[in-house]
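Structure at a glance
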Amino acid sequence: MLEKVSFGVVAFALLWPGFKVVTARNLVHTVFWLGLTLASTAVLFIMLQAPFLAAIQLILYTGGLLTLMLFGVMLTARDQGLLTVPNASHRRAFGGLLAVAAFAMLAMAITQTTTLPASPTAPITTQQLGALVFTEQALAFEVLAVLLLAVTLGAIVFARRGDAGSATENTANSIPARKPLPAPNAAVSQAKGA
Amino acid sequence: MALSTEPGLSAAIGGGSGSVSKSRDGQAASMPTRAFVPDPYLDLARYQADADLLTLSFGPQHPSTHGVFRAVLYLDGEIVVKAVPYVGYLHRGVEKLCEKLSYSNVTPILDKNDYVSPMCNEQAANLAFEKLLGIEVPLRAKFLRTLLAEMQRVASHLLWLGTFAIDLGGALGGGTSVFMYCFRERELILDLFEELTGCRFHYNTHCIGGNRHDIPAGWPKLVHETLGTIDARLDDYLGMLEHPIFVDRTRGIGTLDAELALELGLAGPLARASGIDHDLRRDAPYHIYDQLDVRVACESGGDCWSRYKVRLDEMRESIRLARLLVDNVPAGPISASKPLTNVTQFKITTGQTYVAIESPRGELGTWVIAGGKGTSPLRMKIRPPSLHALAAVPYLFPRYTLSDAVAILGSLDPIMGEADR
Amino acid sequence: MADLLANPWLRGLLQGALLITVMMTAVAWISWFERKFAGRVQSRLGPTMVGPSGLLQPLADALKMFQKQELIPSAADSLLFRLAPPLALFLALGGAAVLPITQGMLASDLDVGVLYVLAFSGLLAFPIWMAGWSSSNKYALLGGMRMVAQGISYEIPMVLAALVPVVVTGSLSLSDIVTYQATHHWLVLWPPGLGLIAFIIFFTMALAEGNRIPFDIPEAESELVAGPATEYTAIRFGLIASAEYVHSLITCAFASTLFLGGWDGPFLPPLCWILIKTVGLFVLITWLRWSLLRVRSDQLMALCWKYLVPLSLGILLLTGAFIQWVG
Amino acid sequence: MGLSAYLLVSAALFCLGVFGLLTRRNAVGILASVELMANAGNINLVAFARFNGNATGQIFALFSTALTVAEVVVGLALVILLYRSRGDVLVESASELKG
């Protein structure tokens, strides 16, 4: 009973912010609700006996992603007009229909599949995970590392290009270079003369 | 000084706590005609095109504007692209008020100008009046005035050091500790002033012709003890301040050219920190400074660090001078004029004069035109060093971060009571 | 009663309530201690008026906070503005759940305790940012942006330094780490040298995370008035302020658990030892706070990215090598 | 709770993401919707791992988390580029395929 109630609470805490993510007008609110969704997912992971993934979800997903999103919002939404773009109303009916249809289909598939395992097995320990990453999945791990490197470089290249462009555009009215300080003695005579 | 605000700029100047909208005004980023740029890494010219700047009203009510100074900062992220200073929030019309007051009544009003070093205000005005009246101040009064001026300089610089530490370290941290120590020591000097004049702050001790209060018994010994204590404790502050964080926050920050300093009419510690070896106490001596060997502190960096160094050296030099003076005060009368019985005692009908002294903040000048009925100045103009220091703000702030702007403003040591008058 | 306690949910609830009460009481007295300490540092007395030597001052402050009028700026984003302070306190308190206070005495022995504490304290940047952004005040906004920008800088060296004990003990559970230290060496001394450097990196970055001088860059009273808390009044301000104290306290307990042996120590009972270590580290934080100046945000980022990230990575690698070949 | 309950929640989250993807006009909003969908996928992976007793599911979720964050990095870099060239972040603006 208690388990059902708590699952219901977590599911609600997952889906309601999820709903707000797609409907909130304000972009910052969107990011905030997304953060709540991701945090609730971490709770769901704990209920699924995957505490390591829950912690990773909190650190990497919620922490890292939220930071990124916030920077994205703050760098692009300079005023309220851009911060609160309404959703495309003409696509709302279509999108809603499609989403509901997709959900109906998925729900039907889930409820009518009889071969789903009914009860959970022994929980997977963090040690098991660690061993797996560095043995069986080592290649995937390495590939992921390469991908992350590529992403880092790509993001730097993307973000820098604009900078370099605008800096070279306006060299005509740039400010003259700083003059060196006059020697103290010269300044004295100048000051005394004045 | 390029303080004029361009048309259209005022629209962009928002309040500090208004909406978060930012200026899209193309003019917002135009720079003062001359910019002395310390760090070449930021190309200010690009902001001519891209004016998506955050307009921040820095002051008049802000913890570190040293009173009611206001600067409108145009920020790109943390970096100040343009700064427009606004003064006048503390304007009380002191100079106009002086035209209504008799010469002997002007002194207490001027105490409120530079409220951190009131002695110097009194000194500058009374010197001018005495010059117009042709009164020769007795030697004892000259010594006393010089002594008080040097002690005032120590007190003033102590307050500056404390507030500068707060600017760098916050009101809830190490900055406050230095601030508390500096105030503790400044209190000692104020105690001495209180014993002499009966007041801790607005002394009204200088009068035309000399001084109002004579040295009480045992006072010189107290001066010796106090200044000795302060001299010893200054080393403690240095130990507390001169660590890598302080050095990184001040060295190379807010570099002020000697040329710009001259152009803006800066004097005093600010100019001396920029390599201009100029001190009125040595170069245009008044009182008995011509008999003293004033060692003028001078640095060439022009940055916050140099200004800090200059003020510290000045403090030590002032302590030395004060201890020298207090031993050698000659006997004699402390005033050339009779005790005041009538406020219209002094009459000057013609003539004008300008007298400048070296206040702790620089050249503090008083220009008096006598005339009218002769019992009060026809016109009076005060040249406050703080106002000239604030003129450097548009040149010093850009290209530094907001944190540096606070440090730079602190190092300029403006007193708004004096700048606005 | 006994069968009520057997229910894990009710027990969790009770433990949580107890933990929150203990933490908030501790925060009250620790704030009194800090003010007293600051007073001594600055050659003044600190609070003296309320209770014997000002001991009841935190109570008076709390009462004052509750009584004061709550203001919400008309331009503020009401939802986020209201949510930020409780969220900050929640995230700050969240870390306390897995801290082993003594042997077998902890609210919940999570398999991944280290990650859990790091996750909660790392998320603390967001309520601060929310507070800053939603206030619709430019100073607050700048403070919030500083917090987020600072957050991604300190997080990496901090996590890497915290991984050194994990690598040595081979466990992410805090109670395992303490048990290892009780039976082997304290991790600040082991691996020799490396542990100490890791501890220093961790502690420095914890200062940045807790907005403590010299890294209280988001709050920066002399620059940003009060940073993200500028527009907050009354109890909402109190919640933000106490969140910072809670966070500092939990960071101290966390650091002493990771590096200083937790409840391990001779003669005295374990509870005393963890208290002594936590309070000792808090005194260190306070001492630093009242004697140092503030660095600039770009200086902090340079410190983190240029020096501490490579350094902590190197420490981690060397620790791995040490474990493999020496110990 | 049975596996189907988790799967239903994840399906609902996925469909919310689909809805957001179709109706959002702001590029950052679209990225957030994509995050919802990825998150729903992660829940599926972890749930199946729990009920099948197979640790690889969790490993997949771990990798997918890292991948999604990487994807957001690139996505946001593109959004910022879009903003720089267009002055806004509406996806309509990006419909012309020239700079």
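Residues numbered from 1 in each chain as written. Chains lettered and ligands numbered in written order. Predicted model: local features only at pLDDT ≥ 70, side-chain atom pairs only at ≥ 80, totals over all residues. Heavy atoms only, no water.

**Focus: the overall build of chain D**
Secondary structure summary: chain D contains 3 helices and 0 strands in total. Starting at the N terminus, the α and β elements of chain D follow one another as α-α-α. When the 99 residues of chain D are sorted by exposure, 65% land in the buried category. Considering only contacts in chain D between residues 6 or more positions apart, those separated by 24 or more positions represent 55%. Total accessible area on chain D is roughly 3300 Å²; 66% of this is exposed by carbon and sulfur atoms. (Helix = DSSP H or I, 4+ residues; strand = E, 2+ residues; numbered from the N terminus. Buried < 20%, exposed > 50% of the residue type's maximum accessible area, 1.4 Å probe, protein only. Contact = heavy atoms within 4.5 Å. Areas by Shrake-Rupley, 256 points an atom, 1.4 Å probe, with all protein chains shown as cover.)

**Description of the domain arrangement of chain C**
The figure often quoted for interface size is the accessible area lost as the parts come together. All names here are of chain C. The assigned domain composition of chain C is domain 1 (1-67) and domain 2 (71-325). Distance from the C-alpha centre of domain 1 to the C-alpha centre of domain 2: 20 Å. Contacts between the two partners involve 17 residues from domain 1 and, on the opposite side, 22 residues from domain 2. Summing both sides of the interface, domain 1 and domain 2 together bury roughly 1800 Å²; the carbon and sulfur share of this comes to 83%. A per-residue breakdown of the area domain 1 buries against domain 2 is headed by Ile 30, Glu 34 and Met 65, which together make up 33% of the total. Glu 34 is the salt-bridge partner of Arg 289, the closest N and O atoms lying 3.1 Å from each other. Connecting domain 1 to domain 2 are 5 residue pairs in polar contact (both at pLDDT 80 or more). Elements supplying a minimum of two residues to the side of domain 1 that touches domain 2: helix 2 (8-41) and helix 3 (57-67). By residue class, the composition of the side of domain 1 that touches domain 2 is 13 nonpolar, 3 polar and 1 charged. (Domains from an automatic or database assignment. Buried area = accessible area lost by both parts, 1.4 Å probe. Salt bridge = Lys/Arg side-chain N within 4 Å of Asp/Glu carboxyl O. Polar contact = N/O pair within 3.5 Å; in protein donor to acceptor, adjacent residues only side chain to side chain. Nonpolar A, V, L, I, M, F, W, Y, C, P; charged D, E, K, R; others polar.)

**Considering the sheet that holds strand 2 (residues 70-76) of chain B**
The strand order across the open sheet formed by 3 strands is 1-2-3 (chain B), and the pairing between neighbours is antiparallel. Only two strands of the sheet have a single neighbouring strand rather than two, namely strand 1 (54-58) and strand 3 (79-86) of chain B. When the angles between neighbouring strand axes are averaged without regard to direction, this sheet yields 20°. Pairing between strand 2 of chain B and strand 3 of chain B: 7 bridges, direction antiparallel. Looking across to strand 3 of chain B, one finds that Asp 76 of chain B is bridged to Ile 79 of chain B. Where helix 7 (residues 138-169) of chain C meets the sheet, it contacts strand 1 and strand 2 of chain B, and its direction lies at approximately 115° from that of strand 1 of chain B. (Pairing = 2+ DSSP bridges. Axes fitted to C-alpha atoms, helices over the stretch in contact; angles between N-to-C directions.)

**Focus on the side chain of Ser 274 of chain B**
All names here are of chain B. Along the chain, Ser 274 turns up in the loop between helix 10 (269-273) and helix 11 (280-283). Residue classification places Ser 274 among the buried positions, given a relative accessible area of 1%. Among the polar contacts listed, one links the side chain of Ser 274 to the backbone oxygen of Leu 256, at a separation of 2.9 Å.

**Regarding the interface of chain C and chain A**
Taken residue by residue, the interface counts 26 residues in chain C and 23 residues in chain A. Summing both sides of the interface, chain C and chain A together bury roughly 2200 Å²; the carbon and sulfur share of this comes to 87%. If you sort the residues of chain C by the area they bury against chain A, Trp 9, Phe 126 and Trp 133 of chain C come out on top, with a joint share of 22%. Where chain C packs against chain A, one counts 0 salt bridges. Counting the contacts that link chain C with chain A gives 1 residue pair in polar contact (both at pLDDT 80 or more). Among the elements that take part in the side of chain C that touches chain A, helix 5 (residues 113-123) of chain C stands out by supplying 6 residues, more than any other. Per-class residue counts for the side of chain C that touches chain A are 22 nonpolar, 2 polar and 2 charged.

**Describing the sheet that holds strand 6 (residues 352-359) of chain B**
Residues and elements named next belong to chain B. Judged by pairing direction, the sheet is antiparallel, and its 3 strands sit side by side in the order 6-7-8 without closing on themselves. If you trace the sheet from one side to the other, it starts and ends with strand 6 and strand 8 (379-383), each paired once. Going across the sheet, the axis of each strand differs from the next one's by a mean of 10°, ignoring polarity. In this sheet, strand 7 (residues 362-369) lies alongside strand 6 in antiparallel orientation, the contact comprising 8 bridges. Pairing of Gln 352 across the sheet is with Ile 369, part of strand 7. Along the sheet face, helix 4 (residues 118-133) touches strand 6, strand 7 and strand 8 and points at about 150° away from the line of strand 6.

**Describing the side chain of Ser 10 of chain D**
Residues and elements named next belong to chain D. With respect to the helices, strands and loops of the structure, Ser 10 is situated in helix 1 (residues 3-23). Under the relative-accessibility criterion, Ser 10 is labelled buried at 3%. Looking at Ser 10, its side chain comes within polar contact range of the main-chain oxygen of Ala 40, at 3.3 Å. The contacts of Ser 10, once residues within four sequence positions are left out, are Ala 40, Ile 43 and Asn 44.

**Structural notes on the packing of aromatic side chains**
All names here are of chain B. For the coordinates displayed, the defined rule picks out 26 aromatic pairs over all chains. One aromatic cluster in this structure is built from Trp 160, Phe 164, Phe 246, Trp 305 and Tyr 308. Just above the ring of Tyr 86 sits the side chain of Arg 70; from NZ or CZ to the centre is 5.0 Å. Across from the ring centre of Trp 160, 4.5 Å away, lies the NZ or CZ of Arg 311, which sits over that ring. (Phe/Tyr/Trp six-rings, centres within 6.5 Å; stacked < 30°, edge-to-face > 60°. Lys NZ or Arg CZ within 6 Å of the ring centre and 35° of its normal.)

**A look at the pattern of salt bridges**
Residue and element names in this part refer to chain B. The final tally for this structure, using the stated rule, is 39 salt bridges over all chains. The residue Glu 150 makes a salt bridge to Arg 153 at a minimum N-O spacing of 3.4 Å. Of this pair, Glu 150 and Arg 153 both sit in helix 5 (residues 139-169), 3 residues apart, which is roughly one turn of the helix. Each member of the pair, Glu 150 as well as Arg 153, is classed as buried. Of the charged contacts, one joins Arg 320 and Glu 317 as a salt bridge, the two residues approaching to 2.8 Å between their closest N and O atoms. Remark: Glu 317 and Arg 320 occur in helix 12 (residues 304-327); sequence separation between them is 3 residues, near one turn of the helix. Under the relative-accessibility criterion, Arg 320 is labelled partly exposed at 28%. For Glu 317, a relative accessible area of 6% puts it in the buried group.

**A closer look at the confidence of the model for chain D**
For chain D, the mean per-residue pLDDT works out to 81, and 85% of the residues sit at or above 70. Overall fold confidence (pTM) sits at 0.81, and the ipTM for the predicted complex is 0.77. (pLDDT = per-residue confidence, 0-100.)

**Things to note about the packing of helix 5 of chain C against helix 7 of chain C**
Residues and elements named next belong to chain C. Viewed as axis vectors pointing N to C, helix 5 and helix 7 meet at an angle of 165°, and their least axial separation amounts to 11 Å. Here helix 5 is positioned roughly antiparallel relative to helix 7, judged by the angle of their axes. Helix 7 is crossed by helix 5, and the crossing has right-handed handedness. Where helix 5 abuts helix 7, its residues Val 114, Leu 118 and Gly 122 lie against Glu 155, Met 158, Val 159, Ala 162 and Val 166. Residues belonging to the contact of helix 5 with helix 7 are distributed by class as follows: 6 nonpolar, 1 polar and 1 charged. (Parallel < 35°, antiparallel > 145°, perpendicular 65-115°, else oblique. Left-handed = near helix turned anticlockwise from the far one by under 90°.)

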